[in-house]
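Residue-level structure breakdown
Next come the chains, spelled out residue by residue.
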Amino acid sequence: MTKAVIAATGLFTPEQSISNEELVAAYNAYAERFNAANAAEIAEGEVAALTPSSVEFIEKASGIKSRFVLEKTGILDPERMVPHLPERSNDELSILAEMAVKAAEQAIKAWGKPVSEIGAVLCAASNMQRPYPAMAIEIQQALGIEGFAFDMNVACSSATFGIKTAADFIASGSVKAVLMVNPEVCSAHLNFKDRDSHFIFGDVATAVIVEAEDQAAPGGWEILGTRLKTVMSNNIRNNFGFLNKAALPTDAVEPLQSNGLTDKMFVQQGRKVFKDVVPMVADMIVDHAGELGLDPTSLKRMWLHQANINMNQFIGRKVLGREPEPHENVIILDEYANTSSAGSIIAFHLHHDGFQPGEVGLICSFGAGYSAGTVFVRKR
């Protein structure tokens, strides 16, 4: 079977960014208004008062200091707290497709080959803008790529699942090169009125070109092995979908985006997630390394999913058997926040320097599902 290599990557970063200070000011203004409007009910114990957020709370809980977003004014408006992203006509390039195309164009330029050599496009992300036509097909058309394309969703693990799928297509001889993109508009599915999660996510798009080794130019990264794992859990969940409308009573007039259905957006039980996912992922990495004949303690670098600095530090210590150096366990969530499927790819794209041929690193993602994916790579 033909081996696969990661030949190039790309990154699209939105121009706008929100600091913790800005986000806290907006949330606290909303909380003050809510508490004032519900003062009587709060005094009677019928409604719980909202607790203010703080920069210190956010950084201690997550390690996040800022996040990039497509549109910040709507998020920071205490009366709205949702980004302003006007709907586009069917003849215009969709928002997710536009982000993915920009990241893909960067990857294609770095790759240095014509798009005619790409045989498939995978759009792997946690939330698709629509069910169909597939976002991947729109991206394929915008880039002038032939072959086939489809969407896939495994939440925060979508990128590693996408790399695995691309490598399998190449191993089977179906195609010689695959473009895998991860456009994430996380700000649109986050409830900014929830103190426990209003700081978590940011927007971004990444792209990876996976190519057959026998036609790849010098350089790049040999994919040594991939492993996927899923375990059902409701501890991270998003119930927003087309059946929400069908579940409404006949006399309901409240739109789906209103406060009455905010539980249909992103929700998680963070402590349970930490307890379940961290040991599962650490053990998975060590086991997979052993299967490949690799010593996990000798990994030069880990590019982990960027959800929470405490999770990444724990996994790093467990895998390496010691406290990792900053360059060994890459952290970019302080600037980008959690960007779902794109996080590990951002880390890899920005911090893959300093490798000598033969040195090994790990791309790893984990999240809702639960889902987890490991991709061991060796510098060519």
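In every chain, residue numbers begin from 1 and rise along the written sequence. Note on the predicted model: pLDDT of at least 70 is required for a residue's local features to be given, and 80 or more for side-chain atom pairs to be given and counted; whole-chain, interface and lining totals, by contrast, use all residues. Computation of side-chain values: all heavy atoms of the structure, hydrogens and water removed.

Scored by pLDDT, the protein chain comes out at a mean of 95, with 96% of its residues at no less than 70. For every residue, the pLDDT score states the predictor's confidence, bounded by 0 at the bottom and 100 at the top. By the convention used here, residues are in contact when the closest approach between their heavy atoms is within 4.5 Å. Here residues 256–260 is modelled with pLDDT under 50, and outside its nearest four sequence neighbours on either side it reaches seven contacts, counting other chains as well.

Turning our eyes to something else, we now look at the pairing of strand β8 (residues 221–230). Strand residues, when the strand is regular, have side chains that alternate between the two faces of the sheet. At least two bridges found by DSSP between two strands is the condition for calling them paired. In this description a helix means any DSSP run of H or I spanning at least four residues, a strand means any run of E spanning at least two, and both kinds are numbered starting from the N terminus. Of the pairings in the sheet, the one linking strand β1 (residues 4–12) to β8 comprises two bridges and is antiparallel in character. Bridge pairing in β8 places I6 opposite W221. Note: β8 against strand β13 (residues 371–379), nine bridges, orientation antiparallel. Directly across from G225, in β13, lies its bridge partner F376.

A separate point is the side chain of S157. Its place among the elements puts S157 in the loop between β5 (148–152) and α6 (158–172). Residue classification places S157 among the buried residues on the basis of a relative accessible area of 0%. At 2.9 Å, the side chain of S157 and the side chain of S371 are in polar contact. When neighbours within four sequence positions are excluded, S157 is seen to be in contact with S365, F366, G367, S371, A372 and G373. Residue burial is assigned from relative accessible area. The probe radius is 1.4 Å, only protein chains are included, and a residue is buried under 20% of its type maximum, exposed over 50%, and partly exposed in between. As used in this structure description, the phrase polar contact means that two N or O atoms lie within 3.5 Å; if the pair is within protein, one of them must be able to donate a hydrogen and the other to accept it, and residues adjacent in sequence are counted only when both atoms belong to side chains.

Let us now look at the packing of aromatic side chains. Stacked, edge-to-face and tilted are the three classes for Phe, Tyr and Trp ring pairs, Trp counted by its six-membered ring, which pair at centre distances within 6.5 Å; planes under 30 degrees apart are stacked, over 60 edge-to-face, the rest tilted. Scanning all chains against the criterion turns up 14 aromatic pairs. Both rings, one in Y30 and one in F34, keep their centres 6.3 Å apart while their planes meet at 40°; by these two values the pair is tilted. A residue pair is termed a helical-turn pair when its members lie 3 or 4 positions apart in one helix, as Y30 and F34 do in helix α1 (residues 20–37) at four residues. Among the residues examined, Y30 registers a relative accessible area of 12% and is labelled buried. On the basis of an interplanar angle of 75° and a centroid distance of 6.2 Å, the ring pair of F274 and F314 is categorised as edge-to-face.

This next bit is on unusual backbone geometry. Along the chain, Y132 connects to P133 via a cis peptide bond; the corresponding omega equals 0°. With respect to the element layout, P133 can be found in the loop between β4 (120–124) and α5 (135–143). Each neighbour pair has its own omega, and for G369 with Y370 the value is -5°, a cis peptide bond. The backbone phi angle of M81 is positive, close to 60°, even though this residue is not glycine. Mapped onto the fold, M81 is located in the loop between β3 (66–69) and α4 (95–111).

A separate point is α6. One less than the number of residues in a helix, times 1.5 Å, gives the span that helix is expected to have. Over its 15 residues, α6 extends 21 Å from the first C-alpha to the last, a length consistent with the 21 Å expected when each residue adds 1.5 Å. Counting buried residues in α6 gives twelve out of 15 residues, a clear majority hidden from the surface. Buried within α6 we find S158, A159, T160, F161, G162, I163, T165, A166, A167, F169, I170 and A171. Positive phi appears at G173, one or two residues downstream of α6, with a value of about 85°.

Buried Ala, Val, Leu, Ile, Met, Phe, Trp, Tyr and Cys residues form a nonpolar core when they are joined through side-chain atoms within 4.5 Å. Formed by 46 residues in total, the largest nonpolar core has its most connected members in V281, I285, L299, I315 and F366. With eight residues, the single largest contributor to this core is helix α8 (residues 270–291). Excluding residues that lie within four positions of it along the chain, I285 makes contacts with L304, I315, V319, L362, C364, T374 and F376. Counting 38 residues, the second-largest nonpolar core is a separate cluster that includes L122, A124, I163 and W221.

Right, let's talk about the pattern of salt bridges for a bit. Basic side-chain nitrogens of Lys or Arg form a salt bridge, by our definition, when they fall within 4 Å of a carboxyl oxygen of Asp or Glu. Scanning the model with the defined rule gives 16 salt bridges in all. A salt bridge links E98 to R88; its shortest N-O distance comes to 3.0 Å. With E98 in helix α4 and R88 in the loop between β3 and α4, this residue pair connects regions lying ten residues apart in the sequence. Close ionic contact of R130 with E138 constitutes a salt bridge, the shortest N to O distance being 2.8 Å. One salt-bridge network, in which partners are shared between bridges, spans K3, E222 and R378.

Moving on to the packing of α1 against helix α3 (residues 55–62). A fitted line through C-alpha atoms serves as each axis, taken over the contacting stretch for helices, and the angle formed by two N-to-C directions is quoted from 0 to 180°. Direction vectors running N to C along α1 and α3 enclose 120°, while the axes themselves pass 9 Å from each other. Comparing their axes, α3 and α1 come out oblique. Crossing hand, α1 versus α3: right-handed. Contacts from N20, E21 and V24 of α1 reach α3 at V55, I58 and E59. Here is the rule for angles: anything less than 35 degrees is roughly parallel, anything more than 145 is roughly antiparallel, 65 through 115 is roughly perpendicular, and the remaining ranges are oblique. For any pair of crossing helices, the crossing counts as left-handed if the nearer helix is rotated counterclockwise from the farther one by less than a right angle, and right-handed if it is rotated clockwise.

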